[in-house]
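# Observations on chain architecture
Given next are the chains, with one letter for each unit.
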Amino acid sequence: MSFQTSALILSWIAILLLALVVSGLVRQVHALSSGAVQRRPESVGLRPGSPAPGLARLVPAPTAVPLVLLFLDPECGTCAEVLAEAAGQVDPARLEFRVLYRDDPPAHAAGLPITVLGGQGELFERYDVLVTPFATVVDRAGRVLRAEPLGSRAALRRLLDGLDRPSGGPGPAVATNHHGGQV
């Protein structure tokens with residue numbers, strides 16, 4: 001085989017490899033521009049298991065029940081609904097609540113059977129609260145159990161109902177008939 005034939009074969013192989021690389025790049029650009037590549041949403045709030053900062057100033061003595069910290073904003077309509085739901089869920093034998101506002105709390109929060117604290121901007125930062133309403137659940141040992149944004153009062157109910165069941169434990173039992181259908 002001559003030198004020219006070898007060079008021609010190697011040139012065609014290089015061109016074929018280059019075409020494959022270019023087609024792969026074109027597919028990636030198309031996927032990115034069409035939104036097909038999903039980015040994992042950035043997490044907000046403290047990770048479960050991490051120590052809850054500033055707890056001593058929120059709760060002077062250790063609690064015997066989980067503590068729910070609600071981060072709210074006075075100008076947020078959903079925050080007002082979450083506050084009303086929290087006030088209806090007060091049960092000192094089961095949960096304690098602290099409602100935190102970055103600045104001054106709204107006037108209607110003063111008459112509720114729940115502890116409301118204003119001027120807590122520093123805790124918003126320390127708990128990595130980017131949106132309101134936001135809830136952080138702290139266990140009796142002062143560690144974060146859950147931290148998540150709340151989109152409605154129903155989301156707060158689901159969060160609180162989840163505290164009654166151990167994480168990963170079985171949900172409510174469902175009776176079934178012998179054909180596998182629910183009774």
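Now for a look at the structure at hand. Keep in mind it's a predicted model, so treat the numbers as computed, not measured.

## Topic: the packing of aromatic side chains
Within the structure shown, the criterion is met by three aromatic pairs. Judged by centre distance (5.1 Å) and plane angle (85°), the ring pair of Phe71 and Phe124 falls under edge-to-face. Remark: Phe124 occurs in helix α4 (residues 121-126) and Phe71 occurs in strand β1 (residues 67-72); sequence separation between them is 53 residues. Each member of the pair, Phe71 as well as Phe124, carries the same accessibility label: buried. Look at Phe71 and Phe134: their rings are 6.4 Å apart centre to centre, the planes differ by 65°, and that puts the pair in the edge-to-face class. One end of the pair, Phe71, is in strand β1; the other, Phe134, is in strand β4 (residues 134-138), with 63 residues separating them in the sequence. The exposure classification of Phe71 matches that of Phe134, with both residues buried. Among the aromatic residues, ring-to-ring pairing joins Phe71, Phe124, Tyr127 and Phe134 into one connected group.

## Things to note about the nonpolar core
Counting 21 residues, the largest nonpolar core has Leu70, Leu72, Phe97 and Leu156 as its most contacted members. Within the residue set of this core, elements represented by two or more residues are β1, α3 (77-88), β2 (96-101), β4 and α5 (153-164). Excluding residues that lie within four positions of it along the chain, Leu70 makes contacts with Val82, Ala86, Phe97, Arg98, Val99, Leu100, Phe134, Ala135, Leu150 and Leu156.

## A few points about α3
Over its twelve residues, α3 extends 17 Å from the first C-alpha to the last, a length consistent with the 16 Å expected when each residue adds 1.5 Å. Along α3, the residues that are buried comprise Cys79, Val82, Leu83, Glu85, Ala86 and Ala87.

## Notes on the environment of Leu130
Relative to the elements of secondary structure, Leu130 occurs in the loop between α4 and β4. Put simply, Leu130 and Pro149 are 19 residues apart on the chain and 8.8 Å apart in space, counted from C-alpha to C-alpha.

## Quick look at a nonpolar patch on the surface
Together, Met1, Ile9, Leu10, Ile13, Leu16, Leu17 and Leu20 give the surface a local cluster of nonpolar side chains, amounting to about 780 Å² of exposed area. Mapping Leu10 onto the fold places it in helix α1 (residues 3-34). Note on Leu10: relative accessible area 58%, which makes it exposed.

## Some remarks on the pairing of strand β5 (residues 144-149)
Relative to β5, β4 runs antiparallel, the two being bridged by five bridges. Bridging from a neighbouring strand, Phe134 pairs with Pro149 of β5. The turn linking β4 back onto β5 is made up of five residues, and Gly142 within it adopts a positive phi angle of 85°.

Analysis parameters
Residues numbered from 1 in each chain as written. Predicted model: local features only at pLDDT ≥ 70, side-chain atom pairs only at ≥ 80, totals over all residues. Heavy atoms only, no water. Phe/Tyr/Trp six-rings, centres within 6.5 Å; stacked < 30°, edge-to-face > 60°. Helix = DSSP H or I, 4+ residues; strand = E, 2+ residues; numbered from the N terminus. Buried < 20%, exposed > 50% of the residue type's maximum accessible area, 1.4 Å probe, protein only. Core = buried A, V, L, I, M, F, W, Y, C linked by side-chain atoms within 4.5 Å. Contact = heavy atoms within 4.5 Å. Expected span 1.5 Å × (residues − 1). Patch = residues over 30% accessible without salt bridge, like charges linked within 9 Å, V, L, I, M, F, W, Y side chains within 5 Å. Areas by Shrake-Rupley, 256 points an atom, 1.4 Å probe, with all protein chains shown as cover. Salt bridge = Lys/Arg side-chain N within 4 Å of Asp/Glu carboxyl O. Pairing = 2+ DSSP bridges.

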